[in-house]
Amino acid sequence: MVTVVAFHAHPDDETLLTGGTLAAAAAAGHRTVIVVATDGHMAALDGRKALRLTELEASAAALGVARVVHLGYADSGHGAVLFADPPDRVRFLRAEVDEAAERLAAILREENAEILLSYDRNGGYGHRDHVRVHEVGTRAAELAGVPRVLDATMPRENVARIVRFLQLLRVRVGPSVLGSLYSSGSEITHRIDVRAYAAQRKAAVAAHRSTVEGSGTFAALAKILLRLPTPILGRVMHWEWYIEEGAAPTGDPLGDIFVPAGR
């Protein structure tokens, strides 16, 4: 049995980038753990605002994940302004990389993790918390001696098609420079077929009810995905992609995260 730890920025991120991979690993008998850097809230926490972490627990259960851990940081937000810290915790972006990495490394050591799933160097679509996940995840793996780090990503070419599709549906997608989003397809070392876990992923997305019922790009995309019949959803969300740190892509991505890419 291998322990796989997936490090994410916010509750709900786990559903789109690594949900199928985690479900597949759990179904195969491996131990899976989700660590989120932030609770997804901008203000001080109370019982109501802790809801997103409760929803994350339900999402994790749908994916077969054994454990969920929050590192204790607040959401840094996505925009020009970095707001002041809430009175009860620090925004993730303001945390020192080594301090945050040591928090994560302690969990990696406790779990004896053999694989860490993190984010690519662009933080996917560029959210500052996602970029920091890459920085902290890479450093934590060094501190804990985790032998393999796989950065969750998407081929940039696919993202361009998704953006065009959302625009056709009149979903507001903020202006972005596609050349700096996610990763080039030529960098990808692993492409995982996750069609068989569409039902679990759908349940995981639905578990984040407070986000789905809100506004923003994730809510709009989630509403579309949840309306799709499960077999169609499996075709739409067919693959999950990774870049193994320290490995050279071969041009023919591997189909199993437990198989190391060439180094």
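Since the structure is predicted, the reported quantities are computational estimates derived from the model, not experimental observations. (Residues numbered from 1 in each chain as written. Predicted model: local features only at pLDDT ≥ 70, side-chain atom pairs only at ≥ 80, totals over all residues. Heavy atoms only, no water.)

1. A look at the environment of Leu 51
Mapped onto the elements of the fold, Leu 51 is located in helix α3 (residues 51-63). For Leu 51, a relative accessible area of 37% translates into the label partly exposed. Linking Leu 51 and His 41, residues 10 residues apart in sequence, is a C-alpha distance of 9.6 Å. In contact with Leu 51, other than residues within four places in its own chain, are His 41 and Ser 210. (Helix = DSSP H or I, 4+ residues; strand = E, 2+ residues; numbered from the N terminus. Buried < 20%, exposed > 50% of the residue type's maximum accessible area, 1.4 Å probe, protein only. Contact = heavy atoms within 4.5 Å.)

2. Points about the sheet that holds strand β3 (residues 67-73)
Here 7 strands make up an open sheet; going across it, the order is β3-β2-β1-β4-β5-β7-β6 and the pairing mixed. Of all strands in the sheet, those with a lone pairing partner are β3 and β6 (190-193), marking the two edges. Here the strands of the sheet are splayed against their neighbours by 25° on average, with no regard to which way each runs. Alignment of β6 against strand β7 (residues 239-244), held across 4 bridges, turns out to be antiparallel. Residue pairing in the sheet places Ile 192 in a bridge with Glu 240 of β7. (Pairing = 2+ DSSP bridges. Axes fitted to C-alpha atoms, helices over the stretch in contact; angles between N-to-C directions.)

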